[in-house]
Every structure is written in C-alpha cells, then in structure tokens.
Amino acid sequence: MTRLKAPILVLLSIWLGGLGMTWAIPVAPKKSAARGSDQDCVRPKRSRRWKNRQHPCQRPQAVRRSKRSLSKIDLRFRALPRLWQQPLRQRRKSWVARANKHKGKRRVAKVPPGSKRAKRPALKVRKRLRRTAQGKPQTDMTLPGKLPPRFDSSFARTNIENVYKQVKQNNLDLRILRERVIQSEIARAKAWSIIKPQLSLQGSYTRNEVEAAFNNPLTGDDIVITPQNQLAFQLQLQWAFLNFQSIPVLQIAYMAVEQVGHTAKQVRREVTFAAARAYYGILLADGLVDITRRSWEASREHLRISIARYNAGVAPELLVTRAQLDLAVARQNWIQAQNGLRNARLAMALLLNRKGFPFRPQRPAPPELPAGGLSEWMHQARMKRPELQASRIAVRIASKQITSVWMKFLPTVAVLGKFSGINAAGFAGQNTQWSVTLAATLNIYSGGTRYLELKEAHSKYRQARLELAKSRRSIGNEIRQGNIALRNAKVALQVARKQLGLARRSYQLTQERYKTGVATPVEVTDALTALRSAEIRVLQETLNREVAILTVRRAIGVFRTQK
C-alpha cells in the first residue's frame, strides 16, 4: 500500500495542476473567416497600456468570451495579491501632486500614461464648486434698475372727436363715397337731356373738278349751280317736347341721388364706428401697458424683499432665483403689451390713411344709453336707419321702372328745325333756306322686347320688397344682440370689480405674510398673477360696456360722432 500511495499522489497532483491551468488560462476567441488567421496579422508591440489596446484583427464580434471564462478571470485577479500595484499608486500620487502646483496654467491635471485618464473639471468649474462649498451665492443679488420710459411718452394727447374729424377728411372709403355722390348727381343731370332741345351745327367744304354754271338768257348773268370751291353749313334743332318715357326716368334719377345719400350716411356711420372701436382698442392696449408696468414694479419689490431676507440669512437662494424669474416674466409681458399698442396704432392709422398715429388717447366720457326699451328702439331704428330708407327708395325705384316700361307704348312727339346755307345761289337765286318739321313716333311692335322688360321690372320690384323685409329683420336682430351684449357687459363688469377687490386684498395679505416668512414665493407669484389678471379684466369689461352702448346706438340709428 505504501508503494501505491506515492504514484497515486503524483498522478493526483498532476491532475490537479492541469485542472488549475485550465481554470487560469482564458478561452481563446474563435478565428474569423473574413479576417483570416492570426498568422496573416502582425500583432502590435506590448506597451504599458496594453490593456486598453485592441488587436487590429479582432472585432467586437470576435472578442466575445464566455461567461465562464470571464468569471474565472475576475476571480483570478480578485484572488491575486495587489502588492505589485502599490509602487505604481505611489508614483501616480506624487505625479498628480506635482501637476496640481501648476493648475493656474493647466485646466486639467494629466495622469501618467500607465493609468486611466482622470476626468477633472476645468479651473473655472473647480473655483465655482469651491465657492459653492464655502457658501457663497451663485445668483446675482443686485436689484435691477427701473424700466425705460414708454415709447409714446413724448406723443401729444388727442380725443375721440379729433379722430372723427380726421376720419371724415382722410378716410379713403369716405372719399370714394363722395365721388359716388358726384356721379349720381351727374346721372340726374343727364336724365334732363332727354326732354331738353338738342342743337347741332354741321359745316362742309368740297373741291369740285370743274365749276357747273350756265348763262341766264333773261338777265344775261351766269348762274353757278356747283362752284369749284363749295362751302355749306346746316344748323339743326331737335326737341322731343312730348316724351312720356322721360317722366319716370327723371323721377328715378332724383330717387337714385337720394338713395346714394342714405348709403353715404350708412358708410360714414360704419367708418366712424370702426374708428371708435379702434380708438377703444388703443385705450385697452394703453391700459395694458400701464398694468404690466405696475406688475413689473410689484415683482421688483418682491425681489428686493427676497434679497433682503437672503442677506439676513432667513431665506435660501432659491427664493431669490424664483423672484428673478417672476421679474423676467413681468418684463416680457410689458414688452408684449407695448407691441400690442403699436399694432392698435397701425389699425387706427389705416382708417386715417396715414403712416402712423403719433398721439396718445384720452379717455372719453362714457356714452349714454338711449331712452326707452326694446320696442321703442325698434321703432326708432325703422325710422332712422339709413339702410331701411335706402331699401324703401329701392322699392320706389323698382316701381318707377315698371311705369317707364309702360310709357314705351305711348308715342313721342318732337319738333325738327333746319337752317342751311351754301355759297352757290342755284336756280332759286338764294344762298340760304330753312324748314320746320313736327314728327310723331309710335313703336307698334318691337319683337316682344317691351313685354319681356315689363316682366323683368315686376321681378325687380318683388326683389326690392324682399330685400326691404330682410333689412328690417336684420336690424331687429342687431338691436336684440346689442341689448344682450350690453347686459352681459354690465354683469361681467360687476363681477370683475369684485374680483379686483378680492385679488388686491389677497396680494396685500400674501405680501405681508411673505415678509414675515410665512408665505412661499409661489403664493406671492400666484397672488400677483391674479391681481394683474383682475386689473386687465376690469379694464376690458369697462371698455366693452362702453363699446356695447355705442353698438346699441349704432343699431338704433342714433350714433353721433359729436354731442
């Protein structure tokens, strides 16, 4: 047995050694057919950083190791002693210490090539982190200056009456309308030419080849029949003094001038109402600029309190940052309000036919609501609205057109007078002659045109009546809608005023609580936002109420540009 134990122990030791070599040596990666064998590739020379280098013949797919081999490698290196790494660590520490002496010249401290690259922040970042660690503030604690003055602070003041005057003088729509009135008056003058006499003069000169003349045996003088240089003239007078068609034509011309006058009133009213709305739009934009400026001043005061609390050590730096953010938002709102004011001025400049509107508006006196109720407003609108009057005139014109077609069946009586002269006396021995003719014309049959015109005239008459009914219905709807809008504006104004009082009180209480350190900056921001929204709401509803009253007056037909 003793002799057998020795060989068995030798074999067992050999087997355990082979097992250990198998456990320690990693599994070799498989060769890639595309890259060829390892003999075709020259391996790089090993350096101190051989672990970070990759073999040029190896790809990410070719360097995969099994989980078993990787786990063995990890266990092997974990189990090995690390005494051989201590000298390298000591050298690294000393090298970094020498590099840190020149940190003013270098931004990142380098490490020896035999170790991993250390990622150190830049010099400015390290200083900032060091200041943060020492408790120094990162936020600018200076209080910003006040806002610059408004861009229209040097503009002159103007009222709404001056705007109305400028609109009447310079508006392009009203100037076009004046030309239409002139054209209607010219058309009325043309209608008179139908029954007025017409006088025409005609002259001629003729150069003949030879002169035609013969000797008178009684007197012995030469009588020229056709002179070689022939001069002639003719004066003709024509007057259709009995023309039945001209009577309705003249009536239609006068009614057309009246209709254009009512249309001009309507357009003038619409243009002035548009100018009023644009003026109130400028007032709203002007008020928004003032509100946003006050909101910015309140945000600035909030920032001042936050800085004071931070300097006293009772508030963190986050409160100051939040106050600065609110101040930036308030400044942005102020800039947007000023741009909105510029746009409102451009709308007014378009109505005034100018490049700009270099004036600041004055708040006009609140307009007065017309007396009476809805039924009285309806009655006034039927009597005073220029659209209804123009529609009634259109019905009368359509009726006169029917009469004009009927007059075409009656005869026309005219007088025709002629006076002519020539430089040759002729057989009669007279150079001049005249004639008067009385002519009557009756159109018996014109191919059925008059009957078709009669049907067309009746159709236009029915259309005019329908348009009149439509105008009455639309005006009634405008008055009802204006009344509803006015009531809504009144209720909304009352609610907005109550909200403004509550928002102002809430902001005051929140501001006092924030000074004592009870309220948070979020509560102060919410209270300030609610106050600004309430002020804007009151301004909007106040102007909406005045515009609603003007809308009712326009719907009734009593809208006046001046009191």
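Residues numbered from 1 in each chain as written. Predicted model: local features only at pLDDT ≥ 70, side-chain atom pairs only at ≥ 80, totals over all residues. Heavy atoms only, no water.

Let's talk about the overall build of the chain
- Within the chain, the regular secondary structure consists of 12 helices and eight strands.
- Of the contacts made within the chain by residues no fewer than 6 positions apart, 76% connect residues no fewer than 24 positions apart.
- Here the chain has roughly 37600 Å² of accessible surface; of this, 56% comes from carbon and sulfur atoms. (Helix = DSSP H or I, 4+ residues; strand = E, 2+ residues; numbered from the N terminus. Contact = heavy atoms within 4.5 Å. Areas by Shrake-Rupley, 256 points an atom, 1.4 Å probe, with all protein chains shown as cover.)

Examining the packing of helix α10 (residues 386–407) against helix α11 (residues 449–515)
- Across the interface, α10 lies against α11 with an axial gap of 9 Å and an inter-helix angle of 170°. The orientation of α10 with respect to α11, classified from their angle, is roughly antiparallel.
- Per-class residue counts for the contact of α10 with α11 are 13 nonpolar, five polar and six charged. (Axes fitted to C-alpha atoms, helices over the stretch in contact; angles between N-to-C directions. Parallel < 35°, antiparallel > 145°, perpendicular 65-115°, else oblique. Nonpolar A, V, L, I, M, F, W, Y, C, P; charged D, E, K, R; others polar.)

Let's talk about the pattern of salt bridges
- What the rule picks out here adds up to 20 salt bridges.
- Note that D326 and R322 form a salt bridge whose closest N and O atoms lie 3.8 Å from each other. Of this pair, D326 and R322 both sit in helix α8 (residues 317–352), four residues apart, roughly one helical turn.
- Taking the relative accessible area as the measure of exposure, R322 reaches 28% and is therefore partly exposed.
- The salt bridge involving E456 is made with K460; its shortest N-O contact spans 3.6 Å. Within this pair, E456 and its partner K460 are both found in helix α11, separated by four residues, close to a single helical turn.
- Given a relative accessible area of 39%, K460 falls into the partly exposed group.
- Through salt bridges with shared partners, one network takes in R150, D152, D286, D290, R345 and R360. (Salt bridge = Lys/Arg side-chain N within 4 Å of Asp/Glu carboxyl O. Buried < 20%, exposed > 50% of the residue type's maximum accessible area, 1.4 Å probe, protein only.)

Structural notes on unusual backbone geometry
- One non-glycine residue, N353, lies in the positive phi region at around 60°.
- Its place among the elements puts N353 in the loop between α8 and β6 (359–361).
- A relative accessible area of 36% places N353 in the partly exposed class.

Brief notes about the sheet that holds strand β2 (residues 198–207)
- The four strands are arranged β2-β5-β7-β8 in an open sheet whose pairing can be described as antiparallel. Among the strands making up the open sheet, the edge pair consists of β2 and β8 (432–441). On average, each strand axis in the sheet is tilted by 15° relative to the strand beside it, whichever way the strands run.
- Looking at chain direction, β2 and strand β5 (residues 229–243) are connected through 10 bridges and run antiparallel. Bridged to Q198 within β5 is Q238. (Pairing = 2+ DSSP bridges.)

As for the packing of aromatic side chains
- The final tally for this structure, using the stated rule, is seven aromatic pairs.
- Taken together, a centroid distance of 5.9 Å and an interplanar angle of 85° make the contact between F273 and F559 edge-to-face. With F273 in helix α7 (residues 246–311) and F559 in the segment after α12 (521–556), the pair connects residues that are 286 residues apart, well separated along the chain.
- Residue classification places F273 among the buried positions, given a relative accessible area of 8%.
- On the numbers, 5.6 Å between centres and 40° between planes, the contact of W406 with F409 is tilted.
- Joined through ring pairs, the aromatic side chains of W406, F409 and Y451 make up one cluster.
- Sitting above the plane of the F151 ring, R342 keeps its charged end 4.1 Å from the centroid. (Phe/Tyr/Trp six-rings, centres within 6.5 Å; stacked < 30°, edge-to-face > 60°. Lys NZ or Arg CZ within 6 Å of the ring centre and 35° of its normal.)

Thoughts on helix α6 (residues 172–192)
- The terminal C-alpha atoms of α6, which comprises 21 residues, lie 31 Å apart, in line with the 30 Å expected from a rise of 1.5 Å per residue.
- All of the buried residues in α6 are L174, L177, S184 and A191. What you see down the axis of α6 is that its buried residues fit within an arc of 80°, all on one side. Within α6, the exposed residues directed more than 90 degrees away from the buried face are I176, Q183 and K190.
- Lining the buried residues of α6 we find α5 (160–170) and α7. (Expected span 1.5 Å × (residues − 1). Arc of directions from axis to C-beta.)

Structural notes on a nonpolar patch on the surface
- Side chains of L199, L201, F233, L235, L237, F419, W434 and V436 sit close together on the surface and give an oily, nonpolar patch of about 850 Å² of accessible area.
- Among the elements of the structure, β2, β5 and β8 are those that each provide at least two residues to the nonpolar patch.
- With three residues, the single largest contributor to the nonpolar patch is β5.
- Examined against the element boundaries, L201 turns out to sit in strand β2. (Patch = residues over 30% accessible without salt bridge, like charges linked within 9 Å, V, L, I, M, F, W, Y side chains within 5 Å.)

Notes on the pairing of β8
- Of all 10 residues in β8, zero are buried; the element is thus mostly exposed.
- Sheet analysis places strand β7 (residues 412–422) next to β8, joined by 10 bridges and oriented antiparallel. Bridge pairing in β8 places K418 opposite S435.

Digging into α8
- Between its first and last C-alpha, α8 extends 53 Å over 36 residues, near the 52 Å set by a 1.5 Å rise per residue.
- One or two positions beyond α8, positive phi appears at N353, with a value near 60°.

Concerning the nonpolar core
- Core analysis: the biggest nonpolar cluster contains 42 residues, and V163, V167, Y280, M348 and F357 have the highest contact counts within it.
- For this core, the elements supplying multiple residues, two or more each, are α5, α7, α8 and α12.
- It is α7 that contributes the most residues to this core, 16 residues altogether.
- With sequence-adjacent residues up to four places away left out, V163 is seen in contact with A275, Y279, M348, L352 and F357.
- By size, the runner-up hydrophobic cluster in this structure holds 17 residues, among which are W377, M378, V395 and V552. (Core = buried A, V, L, I, M, F, W, Y, C linked by side-chain atoms within 4.5 Å.)

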